[in-house]
Amino acid sequence: MPTDEIHPLWLQNNYTVTKILGEQLCQLYHNSHGLSYTVLRLYNVYGPGQMAGYFIPDMIAKARDGGINLPGGNTTKDFVFVEDVVQAFLLALQTPYVGHINIGTGVETELASVACQIAHSMGASFSTSPNANATRMLADIARAKRVLGWRPAISVAEGLGRIFQYEEIGAKV
């Protein structure tokens, strides 16, 4: 930790397998036909309008229902706001770089911290418990800084505030 672009990839489910195969196809076309490519490896993207089934909208829904009870709140993610991701894509369109670039914040955030901020902002109750098998996620974004001149600009707290403002969910920001 943090995880860089040369870290071995883990085939954990169909989703990750298809992403890895996609990257390998890009590499094959580059080697065989000279087709340039840049792969952005997105970490935990979030923002206004994100559909249910993702962590932040699910926590907002629980807070709306009165409270969040989060087992395994010590699991960590590298949350990156959608506007920062858009900027990374715009910069990637202009680069001659061929290869992979991590797009995260380089900040490891506990799920409990995010859920607690949501609950507090919405006046909901919050409880959590640790998980002995908690996972950790943290992007090494040195290549994004070096190759793209990209840096994330929006913190998790600011991003949550933007979601609350956009969705007008009555949170106290």
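Our subject is the structure that appears above.
About the cut-offs
- Every residue gets a number counted from 1 within its own chain, in the order that chain's sequence is written.
- Totals for whole chains, interfaces and linings use all residues, but because this is a predicted model, local features are given only for residues with pLDDT of at least 70 and pairs of side-chain atoms are given and counted only at 80 or more.
- Excluded from the side-chain calculations are hydrogens and water; all other atoms, namely the structure's heavy atoms, are used.
- Take a side-chain nitrogen of Lys or Arg and a carboxyl oxygen of Asp or Glu: if they are within 4 Å of each other, that pair is a salt bridge.
- Counting from the N terminus, the helices are DSSP H or I runs at least four residues long and the strands are E runs at least two residues long.
- Note on classification: 1.4 Å probe, protein chains only; a residue is buried when its accessible area is under 20% of the maximum for its type, exposed when over 50%, partly exposed between these limits.
- Pairing of aromatic side chains requires ring centres within 6.5 Å, counting the rings of Phe and Tyr and the six-membered ring of Trp. Pairs whose planes differ by under 30 degrees are stacked, by over 60 edge-to-face, and all others tilted.
- Angles here are taken between N-to-C directions and fall from 0 to 180 degrees, while the axes themselves are lines fitted to C-alpha atoms, restricted in helices to the stretch in contact.
- For classification, angles of less than 35 degrees are called roughly parallel, those exceeding 145 degrees roughly antiparallel, those between 65 and 115 degrees roughly perpendicular, and all remaining angles oblique.
- The crossing is said to be left-handed when, going from far helix to near helix, the turn is anticlockwise and less than a right angle, and right-handed when the turn is clockwise.
- Between two residues, a contact is recorded if the distance between any of their heavy atoms is within 4.5 Å.
- Each residue is assigned to one class: nonpolar for Ala, Val, Leu, Ile, Met, Phe, Trp, Tyr, Cys and Pro, charged for Asp, Glu, Lys and Arg, and polar for all the others, Gly among them.
- Each helix should span, by expectation, one fewer than its residue count multiplied by 1.5 Å.
- This arc is built from the directions going out from the helix axis to the C-beta atoms.
- Counted as a polar contact is a pair of N or O atoms within 3.5 Å, where, for protein atoms, one must be capable of donating a hydrogen and the other of accepting one, and residues adjacent in sequence contribute only when both atoms are in side chains.

## So, the pattern of salt bridges
The full count for this structure, using the stated rule, is 5 salt bridges. For Glu 83, the salt bridge is made with Arg 162, and the minimal N-O distance between the two is 2.7 Å. One end of the pair, Glu 83, is in helix H3 (residues 82-92); the other, Arg 162, is in helix H6 (residues 156-167), with 79 residues separating them in the sequence. The residue Glu 108 makes a salt bridge to Arg 136 at a minimum N-O spacing of 2.7 Å. On the criterion of sequence distance, the pair formed by Glu 108 in the loop between strand S6 (99-103) and strand S7 (109-110) and Arg 136 in the loop between strand S8 (125-129) and helix H5 (142-148) is long-range, its members being 28 residues apart. Judged by relative accessible area, Glu 108 falls into the partly exposed class, the value being 29%. Assessed through its relative accessible area of 54%, Arg 136 is described here as exposed. One network of salt bridges, in which partners are shared, links Glu 83, Glu 158 and Arg 162.

## Points about the packing of aromatic side chains
Summed over all chains, the structure comprises 3 aromatic pairs. With a centroid separation of 5.3 Å and 70 degrees between ring planes, the pair formed by Tyr 46 and Phe 81 is classed as edge-to-face. With a gap of 35 residues between them, Tyr 46 in strand S2 (residues 44-46) and Phe 81 in strand S5 (residues 79-81) connect regions that are remote in the sequence. Between Phe 55 and Phe 79, the aromatic rings sit 6.2 Å apart at their centres with planes inclined by 35 degrees, giving tilted as the arrangement. Taken together, the positions of Phe 55 in helix H2 (residues 55-64) and Phe 79 in strand S5 put the pair 24 residues apart, joining distant regions of the chain. Residue class for Phe 79 comes out buried when judged on its relative accessible area of 5%.

## Notes on the packing of H2 against helix H4 (residues 111-122)
A pair of packed helices is captured by two measures, namely the crossing angle of their axes and the spacing between those axes. It is at 9 Å that the axes of H2 and H4 come closest, and there the two elements cross at 40 degrees. It follows that H2 is oblique to H4 by the angle criterion. Classified by chirality, the crossing of H4 by H2 is right-handed. Contact with H2, carried on its side by Phe 55, Ile 56, Met 59, Ile 60, Ala 63 and Arg 64, involves Leu 111, Val 114, Ala 115, Ile 118, Ala 119 and Met 122 of H4 and no other residues of that element. Of the residues assigned to the contact of H2 with H4, the class counts are 11 nonpolar, no polar and 1 charged.

## What to know about H4
The terminal C-alpha atoms of H4 lie 17 Å apart, and with 12 residues this matches the ideal 16 Å at 1.5 Å per residue to within 8%. Inspection of H4 places Leu 111, Ala 112, Val 114, Ala 115, Ile 118, Ala 119, Ser 121 and Met 122 among the buried residues, and these make up the whole buried set.

## Quick look at helix H1 (residues 14-33)
Look at H1: 28 Å from first C-alpha to last across 20 residues, which is about the 28 Å you get at 1.5 Å a residue. Listed in full, the buried residues belonging to H1 are Thr 16, Ile 20 and Glu 23. End-on, the buried residues of H1 take up no more than an arc of 60 degrees, which puts them together on one face. Among the exposed residues of H1, those oriented more than 90 degrees off its buried face are Asn 14, Tyr 15, Thr 18 and His 33. Of the surrounding secondary structure, the elements contacted by the buried residues of H1 are strand S1 (38-42) and S6. Structurally, the start of H1 carries an N-cap: the backbone nitrogen of Tyr 15 is 3.1 Å from a side-chain oxygen of Asn 13. Gly 34 sits one or two residues past H1 and shows a positive phi near 75 degrees.

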